[in-house]
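# A closer look at the structure
Spelled out from the first residue to the last, the chains are:
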Amino acid sequence: MDIPYTTQLREDTNLYNAKVGIWLFLASEVMLFGALFSSYILLRVGAPPGTWPHGLLNIPIGTFNTFVLITSSITVVMAWASLKMGNFGKFKFFQAITLLCALGFLSIKTFEYRDKFIHYEVWKNDGTRMTGHIEGNPWFWNTQMLKDKKLASITFSADAHHYAEPRKHGAEARAGHGGHGEAVQIPAADIKRLSAFVPAHSTYFGIYFTLTALHALHVFGGALVIGYLWGPGAKMWKTDPERFTNRIEVSGLFWHFVDLVWIFLFPVLYLL
Amino acid sequence: MSDSHSHDHIAKHVRVYITVFVALLIGTLVTVGMYSVHFESVALTVAIAVIIASVKAFLVAGFFMHLVSEKRSIYTVLAVTGFFFAGLMALTIWAMHDFPDNTANTQQTFHTAPAPAPHVP
């Protein structure tokens, strides 16, 4: 049995069915990310004054990733336009760039995540706080692990600035946390709390990881579909080129939505 | 977007896509550039960032996703989405200063009144 309206337009919607479907799906996605954005707003506004972190994310890397995603957006639409003009070779070329961009975006995001998993904050019993790195760059250490490992002290290279200090515009943008001082020994007995920059650290990292991980999952899912249509799924071009072109348009609409979400995520999480 | 595109029509679209792509790159640079400009008002900083992001989002949705020339049924779907999205944000703004009791923003120090001096007849 043939699936109806894969290329033919329905009389009521004046669209082929997959296009109606993807827009309904994107509408639900708007509400999904909208709910998370509203959570971000409430968490941020509800944070006690001066406690919302600034400058903990690497702006040059975030900017580069934005360029990567924007580039992938134009290659997706150029791939679709190439098919409309009957040029299958160009379609393959542009979608290959899209896939490389998707891979690049996820690789950079992985690098950013790793950087957070080895970056720590120490709350000392005397009330002082510092951010920095533990010798050996261990992952995911926390207060309980210090006790479990029965460590007498940790060797800590503190950042030059703590995020709660008054904001210096543009200064943190260069390195994300702006250089280290000399390594110091901190006795475990002096440490009230230790946390890597993971969701458990604060509501800021809680919402950061929720939003960016959900977005990265969308990038991954979109890349899987685009990869399938670029590889094994591309044989449909020979049997039903119009339907194949519509598939590329639908996958492209999803990809543009993923780009669109990042356009808001980047300034909200990295810059504001 | 109509499905009966001529080759020339698509070629014209490609020029638009490239223009939008360049505009998006510039928009990103402007967004990052704004970060180095210090505004006294946080609200102004947020407003400028959101406006630039909204312009970029319009370019992506309008031209890459072809929303500037879509069918009415899609506009209807998006109108409903926009209504609920606006409602969600309105509720968020409405709730902004309505924190639950005993959270960081509502914690108060309660001073108990000194006990009355014992009555001496």
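Note that this is a predicted model, so its numbers are computed, not measured. (Residues numbered from 1 in each chain as written. Chains lettered and ligands numbered in written order. Predicted model: local features only at pLDDT ≥ 70, side-chain atom pairs only at ≥ 80, totals over all residues.)

With that settled, the discussion passes to the interface of chain B and chain A. Contacts between the two partners involve 41 residues from chain B and, on the opposite side, 41 residues from chain A. Counting only elements with at least two residues in the side of chain B that touches chain A, the list comes to helix 1 (7–35), helix 2 (42–64) and helix 3 (72–95) of chain B. It is helix 1 of chain B that provides the largest number of residues to the side of chain B that touches chain A, a total of 12 residues. (Contact = placed C-beta atoms within 7 Å. Helix = DSSP H or I, 4+ residues; strand = E, 2+ residues; numbered from the N terminus.)

Attention shifts here to helix 1 of chain B. Compared with an ideal rise of 1.5 Å per residue, which puts 29 residues at 42 Å, helix 1 of chain B spans 43 Å between its outermost C-alpha atoms and is within 8% of the ideal. For helix 1 of chain B, the complete set of buried residues consists of H13, V20, F21, L24, G27, T28, T31 and V32 of chain B. Buried-residue contacts for helix 1 of chain B involve helix 2 (59–84) and helix 7 (241–271) of chain A together with helix 2 of chain B. (Expected span 1.5 Å × (residues − 1). Buried ≥ 20, exposed ≤ 12 C-beta atoms within 10 Å, placed from the backbone.)

Splitting chain B by domain gives domain 1 (1–64) and domain 2 (71–95). Placing the centre of domain 1 of chain B and that of domain 2 of chain B at their C-alpha centroids yields a distance of 21 Å. (Domains from an automatic or database assignment.)

All names here are of chain A. Positioned with a positive phi, F140 is a non-glycine residue whose angle comes to about 60 degrees. Its location among the elements puts F140 in the loop between strand 2 (129–134) and helix 4 (143–148). A positive phi angle, near 55 degrees, is found at K150, a position not held by glycine. Mapped onto the secondary structure, K150 falls in the loop between helix 4 and strand 3 (153–159). Note on K150: 7 C-beta atoms within 10 Å, which makes it exposed.

A few words on the packing of helix 7 of chain A against helix 2 of chain B. The geometry of a pair of packed helices is captured by two quantities: the angle between their axes and the separation between those axes. The interhelical angle for the contact between helix 7 of chain A and helix 2 of chain B, taken along N-to-C directions, is 170 degrees, at an axis separation of 9 Å. As the angle between them shows, helix 7 of chain A and helix 2 of chain B are arranged roughly antiparallel. Along the contact surface, helix 7 of chain A presents H256, D259, L260, I263, F264, P267 and L271 of chain A, while helix 2 of chain B presents A49, A53, K56, A57, V60, A61 and F64 of chain B. In the contact of helix 7 of chain A with helix 2 of chain B, the residues fall into 11 nonpolar, 1 polar and 2 charged. (Axes fitted to C-alpha atoms, helices over the stretch in contact; angles between N-to-C directions. Parallel < 35°, antiparallel > 145°, perpendicular 65-115°, else oblique. Nonpolar A, V, L, I, M, F, W, Y, C, P; charged D, E, K, R; others polar.)

The next thing to look at is the confidence of the model for chain B. Parts of the model with low pLDDT should not have their predicted coordinates read in detail. Residues and elements named next belong to chain B. Looking at chain B as a whole, its pLDDT mean stands at 81, while 77% of the residues score no less than 70. Per-element mean pLDDT across chain B ranges from 91 in helix 2 up to 93 in helix 3. When the criterion is pLDDT under 50, residues 108–116 qualifies, and its contacts beyond four places in sequence or with other chains add up to 0 contacts. Predicted complex metrics record ipTM = 0.88 and pTM = 0.88. (pLDDT = per-residue confidence, 0-100.)

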